[in-house]
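Each chain, written out:
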Amino acid sequence: MKQSLRAKRMAKHHRRNKNVPKLNLVSLMDIFTILVFFLLVNSSDVEVLSNDKSIELPASIANNVPDTTLIVMVNDSRILVSGRPVVELADISEANEIEPLLKELSYRAERRTLTAEQEASGLPITIMGDKDIPYTLLKQVMNTCAQAGYRDISLAVNQQADKREQAGATD
């Protein structure tokens, strides 16, 4: 069956003017732009120290955020400086200083140029100690750090909410 000229024109017209739904990319790009800026602004608020799975940090309600410094990790079997094993705990004597740790920290201190403030207060260092290590070991590590010139000592902890502030807010 042949189509008439009018029917052919109408079919051609309907093929040309099909309503094809279009995706509006402008609003989608706006959303992603806002999301990128939000993530960039809020990503700098949190500092996560590299944590060894063998170290469980103690909890604290302190609000001070530590600076990025040299990190000494003390777990149940060894002492590490910036992730590099320095000494096994079984090899540590009862002396005030830990000799292998002192050598490593002294070497790292010699390679740095000190500012006037650092000469007065000492180099900064952060100690990440497992919450179950003995206090005498922590004291030895701190004493060794001070002997090597790292006297600005920070202890890494997990921050938790202050229960006193929470109790005051709910009253």
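Here the structure is a predicted model, which means the values were calculated and not measured. (Residues numbered from 1 in each chain as written. Predicted model: local features only at pLDDT ≥ 70, side-chain atom pairs only at ≥ 80, totals over all residues. Heavy atoms only, no water.)

J.: Describe a nonpolar patch on the surface, and please don't skip the residues or the numbers.
T.: A contiguous nonpolar patch, built from Leu 23, Leu 25, Leu 28, Met 29, Phe 32, Leu 35, Phe 38 and Leu 39 and spanning about 840 Å² of accessible area, is present on the exposed surface. Inspection of the secondary structure assignment puts Leu 39 in helix 2 (residues 25-42). (Patch = residues over 30% accessible without salt bridge, like charges linked within 9 Å, V, L, I, M, F, W, Y side chains within 5 Å. Areas by Shrake-Rupley, 256 points an atom, 1.4 Å probe, with all protein chains shown as cover. Salt bridge = Lys/Arg side-chain N within 4 Å of Asp/Glu carboxyl O. Helix = DSSP H or I, 4+ residues; strand = E, 2+ residues; numbered from the N terminus.)

J.: Can you break down unusual backbone geometry residue by residue, with the values?
T.: Where the residue is not glycine, phi is negative for most of them; where a peptide bond is considered, it is trans in most cases. Unlike most non-glycine residues, Ser 82 shows phi in positive territory, near 55 degrees. With respect to the helices and strands, the residue Ser 82 is situated in the loop between strand 3 (78-81) and strand 4 (84-88). By relative accessible area, Ser 82 is classed as partly exposed at 43%. (Buried < 20%, exposed > 50% of the residue type's maximum accessible area, 1.4 Å probe, protein only.)

J.: If you had to explain the pairing of strand 4 to someone new, which residues and values would you point to?
T.: The pairing of strand 3 with strand 4 spans 4 bridges and is classified as antiparallel. For Leu 80, the partnering residue across the bridge sits in strand 4 and is Pro 85. Joining the antiparallel neighbours strand 3 and strand 4 is a turn of 2 residues, in which Ser 82 adopts a positive phi near 55 degrees. (Pairing = 2+ DSSP bridges.)

J.: Any chance you could break down the pattern of salt bridges for me, citing the residues and the numbers?
T.: In this structure the tally under the stated criterion is 2 salt bridges. Glu 104 is the salt-bridge partner of Arg 84, the closest N and O atoms lying 2.8 Å from each other. Of this pair, Arg 84 sits in strand 4 while Glu 104 sits in helix 3 (residues 99-110), and the two are 20 residues apart along the sequence. Between Arg 108 and Glu 104 there is a salt bridge; the shortest N-O distance is 2.8 Å. Of the two residues, Arg 108 and Glu 104 are both situated in helix 3; the distance of 4 residues between them amounts to about one turn of the helix. Members of the salt-bridge network, linked through shared partners, are Arg 84, Glu 104 and Arg 108.

That's the geometry; what it means functionally is another story.
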